[in-house]
Amino acid sequence: MDISDDFWSPRIENNYKVSFPYMLERYEHNSGRPNPKLIEAGAYILHKNSDPELLSRLDANFDKLIEYCIPDGQQVREWQRMLNGDLYGAGHFIEASIAYYNATGSEKVLNAARQVADDIHANFGHEKRQEISQHEEIKIALLRLYELTGDTKYMDIASFFIDERGHSHDGRELYGKYAQDHKPVIDQAEAVGHTVRATYLYTPLAHLATLTGDADYINAADRIWEDAVYRKTYIVGHVGAYRDHESFREAYELHNLNCWNETCAAIGNVLWNYRMFELHRDARYIDMMEKLLYNAVLSGVSLNGEKFFYQNPLKTYGGFERHPWYGPNCCPPNVSRLIASLGKYIYAKNNKDFYVNLFIESDIETVLNGQQVYISQETEYPWEGKVKLNISPEEETTFTLHVRIPGWADNKPMPGDLYAYLDDRETPILIKLNGEPLPYNQEKGFAVIEKKWHKDDIVELEMAMPVRKVLSHEMVADNAGMIALQRGPVVYCAEALDNNNNVFNLYIPEDAEFTALFNEELLGGIGTVTGNVKVLSRGEDNVSIRENEHKLVAIPYFSWANREPVAMCVWLASDRSRVILPPVPSIASKSTVSSSCGDCTIEDNYPGGDVPLVAERFYPNSQAGDIGFKALFDQVEPLNSFDGSSTYLRLRPQSGNKAWVQYDFDREYEISEASVYWKDDKQYCSMPQSWYLEYKSGDTWLPVINNTDYTVEKDRFNTVSFEPVASTGLRINITLNGIDFLKGELGPPDGNYLPENTTWYECGIIEWAVK
């Protein structure tokens, strides 16, 4: 199959010519062992390109991989590193071997993959070692190897690894929800834990359900998918609300600023949804896959192919950018292998059914009902909603064509009720056969056309593609009074560069209309959305509010952060109360702020003050919403203490459990009340143990005489009144609560495995007002 798509072809070429060689060079020179995901990407590239130099380099890299997995030709691995190590690496080695075999016919690499898989089968299973790996990748690989070879033992051991999850046979200690090991898989009903591990479990679960038809597997796969998509997925397709364990959390916890949304999880989500499609042949899974491809996956790589995201927020106050390299380095090769293998997701078939899943200009030759059939697709998707299919069998033959009717064209921005369009208008969908309108039946989201096909039959799909306003389910607190913009499968965002250097002061009236325009000059050529909205600002008195017209310019979410690292948001205020304006002048806003944690920069809050280079950090440039002192007096009242879209001041003392923050006023004031809103991110930043106030008397700090108790309560201002004092400063003294982490657990500061037992002290203040 050949892809000739105006949207995807440049990205595939960029992956081949820029991203892949850049990563391969780094691994060949900076790492002792090739990365199997990257070698798999190279195999997909080689499958489509005659490149003797690449073939030679991949051969050399495979020799190194084989030597690592099978030293001296003998499988001697003891399979001891069960967390992320041996079986995880074996899985990616097997997947790379399959891709390389398909590209080159190399029996050497296929035999090596089988030797590794045979050794796994010999060591693990019922009446053998009843252990499992913490990371679920191995099952994906074993099922792919089964499909290639037909050897049922590979499916049997994959089934064992799935079935054994959640059991503690032979006294095995369960890995818990983090690794979806808290209960048997067939009894699970929620998407939980580390999102990459989760999607790498749910993918082979759906695959195994397809292969076996087992009702328990099917029901579990369906329950978990619905929980993830209907309650725990962002509008752009990303999953993973928490940096802690990079995990799913509770239903509707979809905060936009400090969400995690790892790029690898988006890729795992693509794999999972494709396997769900294979299980049910239902277009809603392709709808999800499409949303992921055009939004979540592409946001993980810069337009020039040289930098990458690990975390993918939906809101930033600026300063957030991609990096060429970082600690885990799992996402860049994963992006490369997905883009290189994009062709296998466009179409699907069985003997008498052909599915057009993705609208990507391409040509394919296939066999349907015993006849060779040539099919070509022409389209300008995702910028336009027209698709043309030329279907030419060698001889007249009958088969059923299934053309996806995207959910976005059928009033569904995403499956389920997590998101809905603000307006419920009908958008016309027209199918024509050889120029004439064709009545059709729709089954599971596909237009079904069964007929005897002739040479050069033409099927055309025409879908209106208006800009639509999207609302969240009322349970998503962060998005209350907000809307997102979507056109076709593409979700848009606003960057400050295009909107007078601010996006949080914009307000979208209910009757605002938006227009789509392709801008060849912007970001290499992208579709934009524009429309007249309102911009709010302070009047000359710094208190009153002015309202003016503003022409909003929105760009595709995948294209953000390719210029300066400025403010960005996907969800825009549709309720004036959600607009963020400069604070009204107050005692706090006119004060000089200081703390026992210095300026509360990452250096001040990092243990020892010695922050590793981004290329060495496990969580590079992670964004949690801690923006320093200015958060204290921005007068943006949070939704709650957890509010993942509000900013706050992070306090992490270098030693001990005490910290202080103080306002030095611009002049002397008589003060008698202070209110503090505490941060609790349900991860590392927790509510304090206690606090008290001191006021400045000359050069001395004295405790205030409080008339009300000091409270430490979530989700509200903790207000204390005290005997009035005339002062030039106020200090809040805090005793922090500690969180205990054990050696080997995942924990702060970078979410890595801790080298020793640690008690972590950290708290945060969202607002601190003084009267």
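As the structure is a prediction and not an experimental result, all values here were calculated from the model.

A. The arrangement of the overall build of the chain in detail. Each helix and strand counted, the chain has 13 helices and 34 strands in total. Along the first, second and third principal axes, the C-alpha set of the chain runs to 95 × 65 × 50 Å. Counting across all 771 residues of the chain, residues that qualify as buried make up 59%. A fraction of 71% describes how many contacts in the chain between residues 6 or more apart in sequence connect residues 24 or more apart. If you sum the accessible surface of the chain, you get close to 29600 Å²; carbon and sulfur atoms cover 45% of it. In the chain, 73 positive and 114 negative side-chain charges are present, and the distance between their average locations comes to 0 Å.

B. Here's a closer look at helix H7 (residues 152-163). A rise of 1.5 Å per residue sets the reference length of H7, with its twelve residues, at 16 Å; its end C-alpha atoms lie 16 Å apart and thus fit the reference within 8%. Residues Tyr154, Met155, Ile157, Ala158, Ser159, Phe160, Phe161 and Ile162 constitute the buried set of H7. Considering only its buried residues, H7 is in contact with helix H4 (86-104), helix H5 (107-123), helix H6 (137-149), helix H8 (195-212) and helix H9 (215-231).

C. Seen up close, the pattern of salt bridges. In the structure shown here, the tally under the stated rule is 39 salt bridges. Residues Asp227 and Arg231 are paired through a salt bridge, measuring 3.1 Å at the closest nitrogen-oxygen approach. Taken together, the positions of Asp227 and Arg231, both in helix H9 and four residues apart, correspond to about one turn of that helix. Residue Asp227 is classed as buried on the basis of its relative accessible area of 5%. With relative accessibility at 26%, the residue Arg231 sits in the partly exposed group. Put simply, Asp626 and Arg650 hold a salt bridge, and the shortest N to O gap is 2.9 Å.

D. The arrangement of the pairing of strand S8 (residues 397-404) in detail. Burial within S8 is extensive, with seven of its eight residues counted as buried. Where strand S4 (residues 353-356) meets S8, four bridges bridge the pair, whose relative direction is parallel. Residue pairing for S8: Tyr355 is matched across the bridge by His402. Alignment of S8 against strand S13 (residues 446-453), held across eight bridges, turns out to be antiparallel.

E. Quick peek at the nonpolar core. Ranked by size, the top nonpolar core spans 207 residues in total, and within it Ile120, Phe161, Leu401, Leu485 and Val570 carry the most contacts. For this core, the element with the most residues is helix H10 (residues 263-280), which contributes eleven residues. The contacts of Phe161, once residues within four sequence positions are left out, are Leu87, Ile120, Phe124, Glu131, Ile132, Ile138, Lys139 and Leu142. Val676, Leu693, Tyr695 and Ile765 belong to the second-largest nonpolar core, a separate cluster that totals 35 residues.

F. Up close: the packing of aromatic side chains. Applying the stated criterion to the full structure yields 41 aromatic pairs. On the basis of an interplanar angle of 50° and a centroid distance of 4.9 Å, the ring pair of Tyr202 and Trp272 is categorised as tilted. One end of the pair, Tyr202, is in helix H8; the other, Trp272, is in helix H10, and 70 residues separate them in sequence. Trp272 matches Tyr202 in its accessibility class, with the two residues each being buried. Taking the centre distance of 5.2 Å and the plane angle of 45° together, the rings of Phe309 and Phe320 count as tilted. In this pair, Phe309 is assigned in the loop between helix H11 (283-297) and strand S2 (315-316) and Phe320 in the loop between S2 and helix H12 (331-340), connecting sequence segments eleven residues apart. Comparing Phe309 with Phe320 shows no difference in burial state: the two are buried. In textbook terms, an aromatic cluster arises when at least three aromatic residues are bridged by ring pairs, as seen for Phe7, Trp8, Tyr294, Phe359, Tyr381, Trp383, Trp408, Phe518 and Phe558.

G. Representation of the side chain of Ser646 in the model. Looking at the secondary structure, you find Ser646 in the loop between helix H13 (602-605) and strand S25 (649-651). A polar contact of 2.7 Å, which involves the side chain of Ser646, links it to the side chain of Asp643. Apart from residues lying up to four places away in sequence, Ser646 is in contact with Leu257, Gly625, Pro638 and Ile766.

H. Geometry of the sheet that holds strand S11 (residues 436-437). Read across the open sheet, the seven strands follow the order S1-S5-S6-S7-S14-S10-S11; overall the sheet is antiparallel. If you trace the sheet from one side to the other, it starts and ends with strand S1 (2-3) and S11, each paired once. Taken together, the seven bridges between strand S5 (residues 362-368) and strand S6 (residues 371-379) define a ladder with antiparallel strand orientation. Directly across from Leu368, in S6, lies its bridge partner Gln371.

I. Geometry of a negative patch on the surface. Taken together, Glu365, Glu394, Glu395 and Glu396 make up a surface patch of like negative charges. Note that Glu365 resides in strand S5.

About the criteria used
- Residues numbered from 1 in each chain as written.
- Predicted model: local features only at pLDDT ≥ 70, side-chain atom pairs only at ≥ 80, totals over all residues.
- Heavy atoms only, no water.
- Helix = DSSP H or I, 4+ residues; strand = E, 2+ residues; numbered from the N terminus.
- Buried < 20%, exposed > 50% of the residue type's maximum accessible area, 1.4 Å probe, protein only.
- Contact = heavy atoms within 4.5 Å.
- Areas by Shrake-Rupley, 256 points an atom, 1.4 Å probe, with all protein chains shown as cover.
- Lys, Arg positive; Asp, Glu negative; His and termini not counted.
- Charge placed at Lys NZ, Arg CZ, Asp CG, Glu CD.
- Expected span 1.5 Å × (residues − 1).
- Salt bridge = Lys/Arg side-chain N within 4 Å of Asp/Glu carboxyl O.
- Pairing = 2+ DSSP bridges.
- Core = buried A, V, L, I, M, F, W, Y, C linked by side-chain atoms within 4.5 Å.
- Phe/Tyr/Trp six-rings, centres within 6.5 Å; stacked < 30°, edge-to-face > 60°.
- Polar contact = N/O pair within 3.5 Å; in protein donor to acceptor, adjacent residues only side chain to side chain.
- Patch = residues over 30% accessible without salt bridge, like charges linked within 9 Å, V, L, I, M, F, W, Y side chains within 5 Å.

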